[in-house]
Amino acid sequence: MAYTTFVCQRFAIRPLIKNLTLNALPVILGIESSCDETSASVCVDGKILSNVIANQTIHEAYGGVVPELASRVHQQNIVPAVQQALFNAKVSKNDIDAVAFTRGPGLLGSLLVGVSFAKAFALAKGLPLIDINHMQAHILAHFIADHKPTFPFLCLTVSGGHTQIVLVKDYFDMEVVGQTLDDAAGEAMDKTSKILGLPYPGGPLIDKNARKGNPDAYKFPEPQIPGFDFSFSGLKTAILYFIRDKVAADPNFIKDNMADICASVEKRIATILLNKLKAAAHKYNIKDIALAGGVSANTGLREGLLKLGEEKGWNCFIPKFEYCTDNAAMIAIAGYYKYLQGDFTGQNVGPLARMPM
Ligand code: KG4
Ligand code: ZN
């Protein structure tokens, strides 16, 4: 298909796409670069054949992602990541039928690298482009597995930048019914770990330490927010003051009680999330309940959801670890479903730091 077909607005393009012969077994290249993971994946007919994730260690020294450094590292990693994804999938670049990429939300400079690569690749090979919402893709990662949720289902999406309860009516028909009013759950994990002197990203380290601790050792407050919304900034301040006072009385407090602190913080964050999810499931009378996003890798949250699901008779869907944190497989699978719908975008597409569902 000639490149000129794709140089047009999303809505203008739809009639033209009718002429595109859709491949019955489409090969989708997925690209993810919204934050600090550069990732590429190949999906053939809805099956993920490769998922290469290049992590950026440069941010550890700064206690958080430095946007300018992230985009520079994406530039270094993007071509090797795609080459490796093609190699692992045993696919040539001439086999690709469409390029799916994260358009937003995320860090603008980081997104720009993935968007520019996807556009250049599509332009060079005369391929259609598929723009993907990163938050929708976290949820659609559940369609990689054989055991898929049925619509409508509820998804608790918990990442470093977002905390949402989403009513998922169809692949691309999603309604956010609750979200954080301030910090995200992942941010609460990361900020707590910073207070404890642990390196970034702190979530996995809180998880690791929590496994050896007593979750009832310390009681942190549960915010009283109406509806299905969340707030984590008060909890963060409560943790900060608690640690400050304890360390003033005993300088070794953190070192001697690390496991109990982590277990207690993890338990509080998990109960805040699960109590809201329970209320939303009740209101919408939904029994298919999913977890998504980086914090869904958390052991306490995963175990808590399964326990609650057993009590409530829910069908619980928890992603494999490799599909919890940012990855291109979720972009490729979302791209696959958009490809089936003939939903493509044009070469004039740009990244969006904020992108509503
Ligand atoms: O979805 P994600 O990879 O990136 C964003 O889109 O933000 O989520 C990253 C977040 C970070 O805050 C990280 O600390 C947290 O997920 N995280 C965890 C665990 N693994 C990653 N939090 C708690 N326990 C974990 N095992
Ligand atoms: Zn994410």
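Details of the structure are given in the entry above.
The sections below set out a description of the structure shown in this document. (Residues numbered from 1 in each chain as written. Chains lettered and ligands numbered in written order. Predicted model: local features only at pLDDT ≥ 70, side-chain atom pairs only at ≥ 80, totals over all residues. Heavy atoms only, no water.)

## Looking at the overall build of the chain
Item 1. The secondary structure content of the chain amounts to ten helices and ten strands.
Item 2. Oriented by its inertia axes, the alpha-carbon framework of the chain measures out at about 70 × 45 × 30 Å.
Item 3. Taken over 357 residues, the chain has a buried fraction of 55%.
Item 4. Across the chain, contacts joining residues at least 24 apart in sequence account for 73% of those joining residues at least 6 apart.
Item 5. In the form shown here, the chain has an accessible surface area of approximately 15500 Å², with 54% of it arising from carbon and sulfur atoms.
Item 6. Both charge centroids of the chain, one from 34 positive and one from 33 negative side chains, sit 2 Å from each other. (Helix = DSSP H or I, 4+ residues; strand = E, 2+ residues; numbered from the N terminus. Buried < 20%, exposed > 50% of the residue type's maximum accessible area, 1.4 Å probe, protein only. Contact = heavy atoms within 4.5 Å. Areas by Shrake-Rupley, 256 points an atom, 1.4 Å probe, with all protein chains shown as cover. Lys, Arg positive; Asp, Glu negative; His and termini not counted. Charge placed at Lys NZ, Arg CZ, Asp CG, Glu CD.)

## With respect to the site of ligand 1
Item 1. Near ligand 1 lie 18 residues; those nearest to it are Gly160, Asp190, Asp207, Gly294 and Asp326.
Item 2. Take Gly186: an N or O atom from its main chain is 3.3 Å from an oxygen atom of ligand 1.
Item 3. About the coverage of ligand 1: the protein hides 89% of its 550 Å² of free accessible area.
Item 4. Those elements giving two or more residues to the shell around ligand 1 turn out to be helix H4 (134-140), helix H5 (185-195) and helix H6 (203-210). (Near = heavy atom within 4 Å. Polar contact = N/O pair within 3.5 Å; in protein donor to acceptor, adjacent residues only side chain to side chain.)

## So, the sheet that holds strand E6 (residues 153-158)
Item 1. Spatial ordering of the open sheet is given by E8-E7-E6-E9-E10, a layout of five strands whose pairing is mixed. Strands with a single pairing partner mark the edges of an open sheet, and in this sheet they are strand E8 (173-179) and strand E10 (315-317). Direction aside, the axes of adjacent strands within the sheet are offset by 25 degrees on average.
Item 2. Relative to E8, strand E7 (residues 163-170) runs antiparallel, the two being bridged by six bridges. Following the sheet pairing, Gln164 is matched in E8 by Gln179.
Item 3. Packed on one face of the sheet, helix H9 (residues 299-312) meets E6, strand E9 (288-292) and E10 and runs near 175 degrees to E9. (Pairing = 2+ DSSP bridges. Axes fitted to C-alpha atoms, helices over the stretch in contact; angles between N-to-C directions.)

## Focus on the pairing of strand E1 (residues 27-32)
Item 1. Burial of E1 is extensive: six of the six residues sit out of reach of the surface.
Item 2. Here E1 shows two buried faces, one formed by Val27, Leu29 and Ile31 and the other by Ile28, Gly30 and Glu32.
Item 3. By the bridge criterion, six bridges tie E1 to strand E2 (residues 37-44) in an arrangement that is antiparallel. The residue of E2 that forms the bridge with Leu29 is Val42.
Item 4. Linking E1 to E2, which pair antiparallel, is a turn of four residues.
Item 5. By the bridge criterion, four bridges tie E1 to strand E4 (residues 98-104) in an arrangement that is parallel.

## Section: the packing of helix H2 (residues 67-89) against helix H3 (residues 108-125)
Item 1. It is the contact of H2 with H3, at a shortest axis distance of 8 Å, that shows an interaxial angle of 30 degrees. The pairing of H2 with H3 is recorded here as roughly parallel in orientation. When you trace H2 past H3, the crossing you get is right-handed. Contacts between H2 and H3 pair Ala70, Ser71, His74, Gln75, Ile78, Val79 and Val82 from the former with Gly109, Ser110, Val113, Gly114 and Phe117 from the latter. (Parallel < 35°, antiparallel > 145°, perpendicular 65-115°, else oblique. Left-handed = near helix turned anticlockwise from the far one by under 90°.)

## What to know about helix H8 (residues 253-284)
Item 1. For H8, which comprises 32 residues, the first-to-last C-alpha distance of 44 Å matches the rise-based estimate of 46 Å (1.5 Å per residue) to within 8%.
Item 2. The largest bend in H8 comes to about 55 degrees, at Ala259.
Item 3. Taken from the residues just after H8, Asn285 is the one with a positive phi, measuring 50 degrees. (Expected span 1.5 Å × (residues − 1). Bend = angle between axes of the 7 residues up to and from the residue.)

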